[in-house]
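So the chains spell out like this:
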Amino acid sequence: MIVKIRNFLFENGGTGQTIAKNTTWLFIGQIGSRALRAIIVIYAARVLGAAGWGVFSYAIGIAAFLTIFSDIGINALITKETAREPELKSRYLSTAFFIKLILLIICAAAVLGFFPATTTIPEALPLMPMLLLVFAFDTLRDLGSALSRALEKMEIEAGVSIATNAAITALGIAALIKFGTITSLAWAYAIGSGLGCLGIFWILRRHFTHLLSHFTKSLIGPIFKTAWPFGLLGIMGAIMTNTDIVMLGWLRTPIEVGYYSAAQKLILLAYVFPALLASASFPALSRFAKTNPIEAKKILGKTFKISLVISVVTLVFGLVFGGLAFSLIFGEEYLPALPAFFMLLFSVLIVFPGTLAGNALFAYDEGHYFLRFVITSALGNALFNLLLIPPYGIVGAAVSTVATQLITNTLMFQKLFTVIKKQSR
């Protein structure tokens, strides 16, 4: 029995077993990581109060929103192309690494240059250098995660993710006990993320041996051409996650940002389930999308069914127990966030299948359609926020997110159905 379990968890067999194994590891990694991160989030929210937590959430939202351009879909490209053409792995990794470094420098300079002139919450200014380090380390660590996915060895990604968040949580709690400030918490995030980045590069060092020498100038164009559609999908997700926080910071108060951030954190925890299914099935789907459309369609059908069941169960569980859980986790100070939480809860019915649809379009090499989805998402969310946040505050922000998700994912599904129908002919 022990041997069977070990073989299941650490060996790649058939397509079905490999997807199941990788889904299991991604589930363990995500649940473990998010549980650890939830500990520091809950502790920090209680220690710093709604106002202090609001300032930290606003700053980290700005950093996350502006540094999404440091990836532009390169991680997904590494997974996709390395799975299809393993002999080009070193060249893709090396070239992608240097592209990421350049983009990180540009994004960091943009944030440090423009943020002081545009922020309405000056308390967030001292946090930005540390939080930029967090996202720089995370971006580079994601390069290693992309490689582990291409190798279909998600146990590596899961282990490093848990270790990284354990470091952040331990350092964060220690910093808050010792200093009790948002600056000390930002440093804890930066150091923990740096340790995680070093960890995955050390574990995969054999694959990164020629990282500095295999840079291939001729791959820059193909990488950008192939990666940008999936990068747009990442931008769309970042828009949904961070625009509300940023616009609440502009139009309302730090306390309301803190309330909304607390509600959003629990919803984002639920979003882990479709992300696991999409990530675990993506390498196989990428292989079969062009060579075996029938098998690709079977994989999509199974993952969609699982996703829909989980989304309905999550919604019902959240409606029944969400209020009690929210009160126990964050305390009575955050109870004004409950209406926004319940509104955001309905987004699971949209996001769960939508995540799979986005990954499927990229696997079918139809990612160029993402541009229209991103434009719709960005303009729709910004417009709804401008209309709804001033009169309705955090509830208006939640309604804006759900409405935009519904519109965008409906367009995405329409396109996916067209692609599948064409492939099946």
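Refer to the structure printed above.
Basis of the calculations
The residue numbering used here restarts from 1 in each chain and proceeds along that chain's sequence as written. Where local features are concerned, this predicted model is filtered to residues with pLDDT of at least 70; where side-chain atom pairs are given and counted, the filter is 80 or more; whole-chain, interface and lining totals use all residues. Computation of side-chain values covers all heavy atoms of the structure but excludes hydrogens and water. A run of H or I in DSSP counts as a helix once it spans at least four residues, and a run of E counts as a strand once it spans at least two, with each numbered from the N terminus. We call two residues in contact when some of their heavy atoms are within 4.5 Å. We get accessible surface area from the Shrake-Rupley algorithm with a probe of 1.4 Å; when it comes to residues, only the shown protein chains can shield them. Any Lys or Arg side-chain nitrogen found within 4 Å of a carboxyl oxygen on Asp or Glu counts as a salt bridge. Exposure categories follow from relative accessible area, calculated using a 1.4 Å probe and restricted to protein chains: below 20% of the type maximum is buried, above 50% is exposed, and the middle band is partly exposed. In this scheme Phe, Tyr and Trp rings, the latter by its six-membered ring, pair at centre separations within 6.5 Å, and the angle between planes marks the pair as stacked below 30 degrees, edge-to-face above 60, and tilted otherwise. Here, a charge over a ring means that NZ of Lys or CZ of Arg falls within 6 Å of the ring centre while also lying within 35 degrees of the ring normal. For this analysis, a polar contact is any N or O atom pair within 3.5 Å, provided that within protein one partner can donate a hydrogen and the other can accept it, and provided that sequence-adjacent residues contribute only side-chain to side-chain pairs. Lines fitted to C-alpha atoms define the axes here, with helix axes fitted over just the stretch in contact, and angles between the N-to-C directions of these axes take values from 0 to 180 degrees. Roughly parallel covers angles under 35 degrees, roughly antiparallel covers those over 145, roughly perpendicular covers 65 to 115, and oblique covers all other angles. Each helix crossing is assigned a hand: it is left-handed if the near helix lies turned anticlockwise from the far helix by less than a right angle, otherwise right-handed if that turn is clockwise. Residue type decides the class: Asp, Glu, Lys and Arg count as charged, Ala, Val, Leu, Ile, Met, Phe, Trp, Tyr, Cys and Pro as nonpolar, and the leftover types, Gly among them, as polar. Expected helix span is computed as 1.5 Å times (number of residues minus one). Note that patches include only residues with greater than 30% relative accessible area and no salt bridge, and the join distances are 9 Å for like charges and 5 Å for nonpolar side chains (Val, Leu, Ile, Met, Phe, Trp, Tyr).

A. Region of the structure containing the overall build of the protein. For the protein, the count of helices and strands is 14 helices and zero strands. Pairs at least 24 residues apart make up 84% of the contacts formed inside the protein by residues separated by at least 6 positions. When the accessible surface of the protein is totalled, it reaches about 18000 Å², and 72% of it is carbon and sulfur.

B. Inspection of the pattern of salt bridges at higher detail. Tallying each qualifying case throughout the model produces two salt bridges. Residues Glu 256 and Arg 252 are paired through a salt bridge, measuring 2.9 Å at the closest nitrogen-oxygen approach. What makes Glu 256 buried here is its relative accessible area of 16%. On the basis of relative accessible area, Arg 252 is assigned to the partly exposed category, the value being 29%.

C. Region of interest: the packing of aromatic side chains. In the structure shown here, the tally under the stated rule is 12 aromatic pairs. Ring geometry for Phe 413 versus Phe 417: centroids 5.8 Å apart, planes at 40 degrees, classification tilted. Of this pair, Phe 413 and Phe 417 are both found in helix H14 (residues 370-423), four residues apart, which corresponds to roughly one turn of the helix. Its relative accessible area of 18% is what places Phe 413 among the buried residues. When its relative accessible area of 53% is taken as the criterion, Phe 417 is described as exposed. It is Arg 205 that lies over the ring of Trp 202; its NZ or CZ is 3.9 Å from the centre.

D. The side chain of Thr 216, seen in detail. By the secondary structure assignment, Thr 216 is in the loop between helix H7 (182-203) and helix H8 (220-251). A relative accessible area of 13% means that Thr 216 is categorised as buried. A polar contact of 3.2 Å, which involves the side chain of Thr 216, links it to the side chain of Arg 91. Not counting residues up to four positions away in its chain, the partners in contact with Thr 216 are Arg 91 and Thr 95.

E. Looking closely at the packing of helix H11 (residues 293-330) against helix H13 (residues 348-363). Where H11 meets H13, the closest approach of the two axes is 8 Å, and the angle between their N-to-C directions is 160 degrees. It follows from the interaxial angle that H11 and H13 lie roughly antiparallel. Our pair here, H11 against H13, has a crossing hand that is right-handed. Each of Leu 300, Thr 303, Phe 304, Ser 307, Leu 308, Ile 310, Ser 311, Val 312, Thr 314 and Leu 315 in H11 lies in contact with H13, whose residues at this interface are Val 348, Leu 349, Phe 352, Pro 353, Leu 356, Ala 357 and Ala 360. The residue inventory of the contact of H11 with H13, partitioned by class, reads 13 nonpolar, four polar and no charged.

F. The environment of Ala 289, seen in detail. Of note, Ala 289 is situated in helix H10 (residues 272-291). Put simply, Ala 289 and Asp 365 are 76 residues apart on the chain and 8.6 Å apart in space, counted from C-alpha to C-alpha.

G. The packing of helix H5 (residues 128-150) against H7, seen in detail. Contact geometry for H5 and H7: axes closest at 8 Å, N-to-C directions at 20 degrees. Overall, the two elements H5 and H7 adopt an arrangement that is roughly parallel. The handedness of the crossing between H5 and H7 is left-handed. Mapping the contact onto sequence places Met 130, Leu 131, Leu 133, Val 134, Phe 137, Asp 138, Leu 140, Arg 141, Gly 144 and Ser 145 in H5 and Thr 183, Ala 186, Trp 187, Tyr 189, Ala 190, Ser 193, Gly 194, Gly 196, Cys 197, Ile 200 and Phe 201 in H7. Its residues assigned to classes, the contact of H5 with H7 comprises 13 nonpolar, six polar and two charged.

H. Spotlight on the side chain of Asn 165. Along the chain, Asn 165 turns up in helix H6 (residues 154-178). Aside from chain neighbours lying at most four places away, what touches Asn 165 is Ser 33, Leu 36 and Arg 37.

I. Geometry of H13. Taking 1.5 Å per residue as the helical rise, H13 with its 16 residues ought to reach 22 Å, and the 23 Å between its terminal C-alpha atoms agrees with that figure. With 14 of 16 residues buried, H13 is to be regarded as a mostly interior element. Of the residues one or two after H13, Asp 365 is the one with positive phi, at around 60 degrees.

J. The environment of Ile 306, seen in detail. Locating Ile 306 in the fold gives a position in helix H11. Judged by its relative accessible area of 41%, Ile 306 is partly exposed.

K. Quick peek at a nonpolar patch on the surface. There is a patch of nonpolar side chains on the surface, built from Val 312, Val 316, Phe 317, Leu 319, Val 320, Phe 321, Phe 346 and Leu 349 and spanning about 730 Å² of accessible area. Sorting elements by how many residues they give to the nonpolar patch places H11 first, with six residues. Within the fold, Phe 317 resides in helix H11. According to the relative accessible area criterion, Phe 317 is exposed, its value standing at 53%.

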